[in-house]
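# Breakdown of the fold
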Amino acid sequence: MNVDKNITMVVLDGVVMGPTHCAIDNCVNDLSNSRGGSLCDVHHLQLGSRCLVHDCTNNRVRDTSACQAHQGQWQKYMKYHTRQTQSGVRRMLQRPGESQPWNPQRRGPNPQRHDDDEEEPPLSSNYFTESTTNILNFLESVYQTEESRPDYICIDKGCKVFQTALRNGSWDRIWKHTSRFIVDAYHYINHCVQDYLCRKYCNPSPGDGSAPNLVIIEYDNNGHPYAKRAFNTQVCERLNAWLAGFESILKRMTPGNFNWFLHAMLFYHTKHVITQQKQKAKSQNDSDDDDDDLGLDEDISDNSASESEDSD
């Protein structure tokens, strides 16, 4: 890649949030009831009394959203989509070292590695789909043109996404000439050392100089050079985890409210981070000034005063 150009990177996580809209195909109108509804005002008048199973035209059973023939599917859905079940799933999917607002304070170790063959924990139902194929399909839908694609795509299972792209041909067809898949620094330390593809192509900070856009040279206070990551992927992971705390309210918002709330929270979060950075820089400057002022001037003045007294 060209070192002189502005390098772009996107950091992905398994947090899936979005505004709710009408469940009818190709309809993105606001829901008539954002708290549990599934149809817009128009389709609610047309199909409000029908079964919500796709392509089913039967009338629903009272106090349910499915007909008599699909009551089994409805009961299964209700069983695995209660608030208590969703909280349990979040705890199961928590990564080692992460502490989210919805998680308990005490938690045992999680030996699950992000590059194991068993990528997903064995769940009785697939509530959370973070398969590599779905990730590639999502990226392809977002970055449809070559000019819009980022130089680096960082994700905790970047090596697995890269392998899938090689197998299904999307690497040669879409990503090869524009982007590179890497693993974020936090999860990279848990990836298998013997995985040559991961270590060779998905390293977030290679030390052999193969990726000068990922590793830059900085200088400490003494003028000594040291290698530094050009992108702080851990901060991006923390931001994604912070946004996930608003999932319970965001998923019940209309698209307009969703976009406004998300942009407002990101705006205030950015102002908070900038303020913290300024305070940190100010405290460092104050400490440097204190170090520079060693009291030599006071010693000189004291010595001069004592010499004058002796002369008297």
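Residues numbered from 1 in each chain as written. Predicted model: local features only at pLDDT ≥ 70, side-chain atom pairs only at ≥ 80, totals over all residues. Heavy atoms only, no water.

## Things to note about the confidence of the model for the protein
In the predicted model, the protein carries a mean pLDDT of 76, and 73% of its residues have values of at least 70. For the stretch residues 102-129, pLDDT sits under 50, and the model shows 48 contacts to residues farther than four places along the chain or on other chains. Counting interchain partners and residues more than four positions distant, the pLDDT-below-50 stretch residues 294-301 has zero contacts. (pLDDT = per-residue confidence, 0-100. Contact = heavy atoms within 4.5 Å.)

## Overview of empty space enclosed by the protein
For the coordinates displayed, the defined rule picks out one cavity of 30 Å³ or more. Computed from the structure, the largest cavity encloses a volume of approximately 40 Å³. Lining the largest cavity, in full, are Met9, Ile182, Pro204, Leu214, Arg229, Ala230, Phe231 and Thr233. Along the lines of polarity and charge, the residues of the lining of the largest cavity split into six nonpolar, one polar and one charged. (1 Å grid on protein atoms, 1.4 Å probe; cavity = no way out; pocket = protein on both sides within 12 Å on 5 of 7 lines; lining within 4 Å. Points joined across faces, edges and corners; volume = space filled by probe spheres on them. Nonpolar A, V, L, I, M, F, W, Y, C, P; charged D, E, K, R; others polar.)

## Re the sheet that holds strand β3 (residues 180-182)
Pairing is parallel across the open sheet formed by three strands, whose spatial order is β1-β2-β3. In this open sheet, the two edge strands, each paired with only one partner strand, are β1 (9-11) and β3. Direction aside, neighbouring strands of the sheet carry axes that sit 20° apart on average. Relative to strand β2 (residues 152-154), β1 runs parallel, the two being bridged by three bridges. Residue Met9 lies in a different strand from β2, and its bridge partner there is Tyr152. (Pairing = 2+ DSSP bridges. Helix = DSSP H or I, 4+ residues; strand = E, 2+ residues; numbered from the N terminus. Axes fitted to C-alpha atoms, helices over the stretch in contact; angles between N-to-C directions.)

## Quick look at unusual backbone geometry
Its identity as a non-glycine residue notwithstanding, Asn26 has a phi of 65°, on the positive side. A relative accessible area of 84% means that Asn26 is categorised as exposed. (Buried < 20%, exposed > 50% of the residue type's maximum accessible area, 1.4 Å probe, protein only.)

## Some remarks on the pattern of salt bridges
Under the counting rule described, the total for this entry stands at two salt bridges. Two residues, Arg173 and Glu140, come together in a salt bridge whose shortest N-O distance is 3.4 Å. With Arg173 in helix α6 (residues 170-175) and Glu140 in helix α4 (residues 132-142), this pair connects stretches of sequence that are 33 residues apart. Under the relative-accessibility criterion, Glu140 is labelled partly exposed at 31%. Here Lys176 ties to Asp172 by a salt bridge, and the two come within 3.9 Å at their closest N and O atoms. When its relative accessible area of 47% is taken as the criterion, Lys176 is described as partly exposed. (Salt bridge = Lys/Arg side-chain N within 4 Å of Asp/Glu carboxyl O.)

## A word on helix α9 (residues 233-244)
Across its twelve residues, α9 extends 17 Å between first and last C-alpha, which sits within 8% of the 16 Å expected from 1.5 Å per residue. Thr233, Glu237, Asn240, Ala241, Leu243 and Ala244 are the residues of α9 that are buried. The buried residues of α9 occupy one face: seen down the axis, they fall within an arc of 160°. (Expected span 1.5 Å × (residues − 1). Arc of directions from axis to C-beta.)

## Re the nonpolar core
Ranked by size, the top nonpolar core spans 21 residues in total, and within it Leu12, Leu139, Ile153, Trp175, Phe181 and Cys202 carry the most contacts. Breaking this core down by element, the ones donating at least two residues are α4, α5 (158-168), α6 and α8 (196-201). Beyond its immediate sequence surroundings of up to four residues, Phe181 is in contact with Leu136, Leu139, Ile153, Gly158, Val161, Phe162, Trp171, Trp175, Tyr201 and Cys202. (Core = buried A, V, L, I, M, F, W, Y, C linked by side-chain atoms within 4.5 Å.)

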